[in-house]
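# Descriptive analysis of the structure
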Amino acid sequence: MTSETPPLKAWLLLGLLALIWGSSFLLIKKGLLGFAPDQLAAIRIASAGFVLLPFILKRFKTVQPHHWLKLICVGLVGSFIPAFLFAFAQTELPSGVTGVLNTFTPLATLIIGIALFKQTALMQQWFGVVIGLIGTLLLVTATANGDFEFNRYGLLIIAATICYGLNLNLIKHHIPDLGALTITGVSLFLVAPAALIYLLLATPFTSQVTQVELWFPLSAILVLGIIGTAMALVIFNTVVKLTDTTFTSSVTYLIPIVALILGILDGEPFFLQQGVGLAAILTGVWIANKRKRQPFNTQR
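Residues numbered from 1 in each chain as written. Predicted model: local features only at pLDDT ≥ 70, side-chain atom pairs only at ≥ 80, totals over all residues. Heavy atoms only, no water.

A few words now on helix 2 (residues 37-51). A rise of 1.5 Å per residue sets the reference length of helix 2, with its 15 residues, at 21 Å; its end C-alpha atoms lie 21 Å apart and thus fit the reference within 8%. The buried fraction of helix 2 is high, at 13 of 15 residues. (Helix = DSSP H or I, 4+ residues; strand = E, 2+ residues; numbered from the N terminus. Expected span 1.5 Å × (residues − 1). Buried < 20%, exposed > 50% of the residue type's maximum accessible area, 1.4 Å probe, protein only.)

One way to put it is that helix 9 (residues 180-202) packs onto helix 11 (residues 215-242) with a least axis distance of 10 Å and a crossing angle of 170°. On the basis of the axis angle, helix 9 is roughly antiparallel to helix 11. In contact with A180, L181, T184, G185 and L188 of helix 9, helix 11 contributes T229, L233 and N237. Looking at the contact of helix 9 with helix 11 residue by residue, the classes come out as four nonpolar, four polar and no charged. (Axes fitted to C-alpha atoms, helices over the stretch in contact; angles between N-to-C directions. Parallel < 35°, antiparallel > 145°, perpendicular 65-115°, else oblique. Contact = heavy atoms within 4.5 Å. Nonpolar A, V, L, I, M, F, W, Y, C, P; charged D, E, K, R; others polar.)

With that out of the way, let us pick up the side chain of Q274. Note that Q274 resides in helix 14 (residues 272-289). Once residues lying within four places of it in the same chain are set aside, the contact partners of Q274 are V97, L139, A142 and P269.

All right, on to the environment of F189 then. For F189, the position within the fold is in helix 9. The spacing of F189 and S47 is 142 residues in sequence and 9.6 Å in space, taken between C-alpha atoms. Sequence-distant contacts of F189, that is, excluding residues within four places in its chain, are made with G49, F50, L53, I56 and F60.

Turning our eyes to something else, we now look at the packing of aromatic side chains. All chains considered together, the criterion is met by nine aromatic pairs. Ring geometry for F25 and F86: centres 6.0 Å apart, planes at 45°, overall tilted. Remark: F86 occurs in helix 4 (residues 68-89) and F25 occurs in helix 1 (residues 8-31); sequence separation between them is 61 residues. There is no split in this pair, since F25 and F86 are both buried. (Phe/Tyr/Trp six-rings, centres within 6.5 Å; stacked < 30°, edge-to-face > 60°.)

This part covers the pattern of salt bridges. The tally for this structure, following the rule as stated, stands at three salt bridges. Its salt-bridge partner being E268, residue K29 comes within 3.0 Å of it at the nearest N-O pair. In this pair, K29 sits in helix 1 while E268 sits in the loop between helix 13 (251-265) and helix 14, placing the two residues 239 residues apart along the sequence. A salt bridge links D266 to K30; the shortest N-O distance between them is 3.0 Å. In this pair, D266 sits in the loop between helix 13 and helix 14 while K30 sits in helix 1, placing the two residues 236 residues apart along the sequence. In the salt-bridge network here, residues are joined through shared partners; they are K29, K30, D266 and E268. (Salt bridge = Lys/Arg side-chain N within 4 Å of Asp/Glu carboxyl O.)

Let us now look at a nonpolar patch on the surface. Taken together, F50, L196, I197, L200 and L201 make up a surface patch of nonpolar side chains, about 460 Å² in accessible area. For the nonpolar patch, the element with the most residues is helix 9, which contributes four residues. The residue L196 is located in helix 9 in this model. With a relative accessible area of 31%, L196 lands in the partly exposed category. (Patch = residues over 30% accessible without salt bridge, like charges linked within 9 Å, V, L, I, M, F, W, Y side chains within 5 Å. Areas by Shrake-Rupley, 256 points an atom, 1.4 Å probe, with all protein chains shown as cover.)

This part covers the nonpolar core. Residues F35, L40, I43, I45, F86 and L101 are the most contacted members of the largest nonpolar core, which totals 75 residues. Among the nonpolar cores identified, the runner-up in size contains eight residues, and V63, V74, I175 and I183 belong to it. (Core = buried A, V, L, I, M, F, W, Y, C linked by side-chain atoms within 4.5 Å.)

As structure tokens, this is what we get:
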């Protein structure tokens, strides 16, 4: 890990990464204007998986037989399943709120690491998790009149963050010998054919794609898959090489801000509870990632 000040290029790429990932929720919203949620998810995964193929062809040589099943699991919980969960959730959730709820991922990663992978936790990390959970509860119950009304579609986003958390722990504990681009590119490619087959055989996509009025929603989904997934991955790995993972992880705090701003510009309402929930989740993530010396061992 470097102690040097990140170069200007790293800051610019970090800002670009935040814009790309922060706008992905609005792109989902626009894609749903013309396609069903399952179609959107299938197009997203297929386009992302196949567009990365030229970048990972040489990397297949580094994949050993014992990696394949693990990479399929990574493809499923890290990309395939969350894509469907996000698409169905945004049929009933504003894109800005979805972007904020996605910020629960670091806390989900911590919880799963402790529960399933025997990681130790600091007392402050537990405190951060509790604050984050409170923020999440505020977000899934926010209404315009200030009352609290539970929106079950928010649980789909929480389920997606749990998938992301499981994915990150699988990579950390079971595939430490492969690079990030290899893991993401190969795992995406492994699930892309299933997404494409489903899209072509189980949905009316082939008849819809000729309709001119659906070209804009389709373009939004392709941008989501190609730029929001494939290009963002390349940018992410570039920033990591220029700086370190600590600097790159700060994008976590920028994504929900971008998502909320774009949502508001697109006419979505913004409630007080949403602002409080956002602040609570980001505070929880910050506390949970702040370092202390003495760990609190949960494995008693």
